[in-house]
Amino acid sequence: MDALWMLPLLLVPLLLLTSSTFVFYFKKCFYVAWMMMLAVIAIPICILKSGGRDIENMRVIRFLVRHVKYLLGLRFEVSGWEHLQMDGPYVIISNHQSSLDVLGLMEVLPDRCTMIAKKELIYAGTVGIICWLGGIVFINRQKTSDAKSVMADAAKTMLKEQIRLWVFPEGTRNQKGDLLPFKKGAFHLAVQAQVPIIPIVFSSYSNFYLRKEREFKSGTISLKVLPKIETKGLTSDDVSSLSDQSYAIMRSTFLEISGRTPQSNGPSSAH
Ligand SMILES: CCCCCCCCCCCCCCCC(=O)SCCNC(=O)CCNC(=O)[C@H](O)C(C)(C)COP(=O)(O)OP(=O)(O)OC[C@H]1O[C@@H](n2cnc3c(N)ncnc32)[C@H](O)[C@@H]1OP(=O)(O)O
Ligand SMILES: CCCCCCCC/C=C\CCCCCCCC(=O)OC[C@@H](O)COP(=O)(O)O
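Parameters and conventions
- Residues numbered from 1 in each chain as written.
- Chains lettered and ligands numbered in written order.
- Predicted model: local features only at pLDDT ≥ 70, side-chain atom pairs only at ≥ 80, totals over all residues.
- Heavy atoms only, no water.
- Buried < 20%, exposed > 50% of the residue type's maximum accessible area, 1.4 Å probe, protein only.
- Helix = DSSP H or I, 4+ residues; strand = E, 2+ residues; numbered from the N terminus.
- Contact = heavy atoms within 4.5 Å.
- UniProt positions renumbered as here; feature names shortened; annotations may be inferred.
- Near = heavy atom within 4 Å.
- Polar contact = N/O pair within 3.5 Å; in protein donor to acceptor, adjacent residues only side chain to side chain.
- Nonpolar A, V, L, I, M, F, W, Y, C, P; charged D, E, K, R; others polar.
- Patch = residues over 30% accessible without salt bridge, like charges linked within 9 Å, V, L, I, M, F, W, Y side chains within 5 Å.
- Areas by Shrake-Rupley, 256 points an atom, 1.4 Å probe, with all protein chains shown as cover.
- Salt bridge = Lys/Arg side-chain N within 4 Å of Asp/Glu carboxyl O.

Turning next to helix H6 (residues 125-133). Because each turn of an α-helix spans 3.6 residues, side chains separated by three or four positions end up pointing in the same direction. Looking only at H6, the buried set comprises Gly128, Ile130, Cys131 and Leu133. On its buried face, H6 is in contact with helix H2 (20-50), helix H3 (57-65) and strand S4 (137-139). Once H6 finishes, Gly135 follows within two positions and takes phi at roughly 80°, a positive value.

The structure is reproduced here in structure tokens:
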């Protein structure tokens, strides 16, 4: 008879585990907490290995982040690896749906590659510190002139130190089921450094992660690395067409790997 009183107590966790809203919040909180904790582990390793801010720290970060996908029930199917097998610096551009992109990014991240990120990320606790140690280039999106000069410096550093940079040309996270018009910074960067652009496309997260509906299920993400786009000989006058060209191939790839058919050519580039 006493055991019957236990029943509701057992039902509560059972109900919670089957509630998709609970799972959504649980997985999100777990993700942030786990990344924060991984950064706590990574910080002393990076400082001991490199003594401070150094692009080589990205190896440590990449190694420590690789297992996180399993904990969230996510898988990545990568195609086009061969396009990353290239010597020297280049600019990677990819679409940006959520902070979960970091997991896919770490799947394919080449050596000596860091990212351009909004400066607010530096205040994200231990994650902010590890981003700084990993050589992430922080830009102030509210001050275009500052962002431009930081990126012009980055173009020089890329060549001097043989660094690759990963930029999210949409400039913000976007889950609207299509790509946002591209900002121009990534293309100016590649043209200034005269290095190739490698587009990488993440398929839509909408079949497993829906922010509004508070759903976060297991899922498989296609990650497609596309052939490089050369910028040798191009000048700032070519930036708009370079951006339009990149947008067009990334958008059609996004729709294709997300199981959708293109409806229109969409917006070309940001103005
Ligand atoms: C173990 C531990 C675990 C922990 C785990 C760690 C995880 C470690 C991974 C983290 C991962 C990070 C992920 C972060 C992800 C983001 O933070 S995304 C947000 C930040 N990134 C970006 O914004 C990049 C893209 N944005 C841009 O490139 C933008 O162009 C800029 C540079 C911000 C400027 O913005 P804007 O003024 O709004 O945009 P835009 O319309 O492009 O430019 C205006 C004019 O300036 C010109 N212009 C733009 N850029 C330039 C330029 N560089 N030079 C000359 N002219 C330019 C344009 O051509 C345009 O002129 P017109 O052609 O119209 O005449
Ligand atoms: C004490 C501060 C607490 C801050 C908590 C946030 C910490 C995040 C912790 C774990 C997530 C790990 C991945 C971090 C990298 C995520 C980068 C990201 O996705 O930034 C958003 C930015 O691209 C676009 O921002 P907006 O969409 O314009 O906004």
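What follows concerns the UniProt feature "domain: Phospholipid/glycerol acyltransferase" (unreviewed entry) in the chain. In the numbering used here, UniProt assigns the feature "domain: Phospholipid/glycerol acyltransferase" (unreviewed entry) to residues 90-205. As annotated, residues 90-205 comprises 38% helix and 20% strand, and the C-alpha atoms at either end are separated by 27 Å.

Lys118, Thr144, Lys184, Gly185 and His188 are the nearest of the 28 residues found near ligand 1. Thr144 is positioned such that a nitrogen or oxygen atom in its side chain is 2.8 Å from an oxygen atom of ligand 1. A distance of 2.8 Å separates an oxygen atom of ligand 1 from a polar atom in the side chain of His188. Those elements that provide at least two residues to the shell around ligand 1 are H2, strand S3 (113-118), helix H7 (144-161) and helix H8 (185-193). Class assignment of the residues belonging to the shell around ligand 1 gives a composition of 17 nonpolar, six polar and five charged.

Here the focus is unusual backbone geometry. Positive phi is not limited to glycine here, since Arg112 has a value of about 55°. Residue Arg112 is classed as partly exposed on the basis of its relative accessible area, which comes to 28%. Phi at Gln194 is positive, roughly 55°, even though this residue is not glycine. Secondary-structure assignment places Gln194 in the loop between H8 and strand S6 (197-202). The partly exposed category is assigned to Gln194, whose relative accessible area is 25%.

So, about a nonpolar patch on the surface. Taken together, the side chains of Leu4, Met6, Leu7, Leu9, Leu10, Leu11, Leu14 and Leu15 make up a nonpolar region of the molecular surface, amounting to roughly 850 Å² of accessible area. Along the polypeptide, Met6 turns up in helix H1 (residues 2-18).

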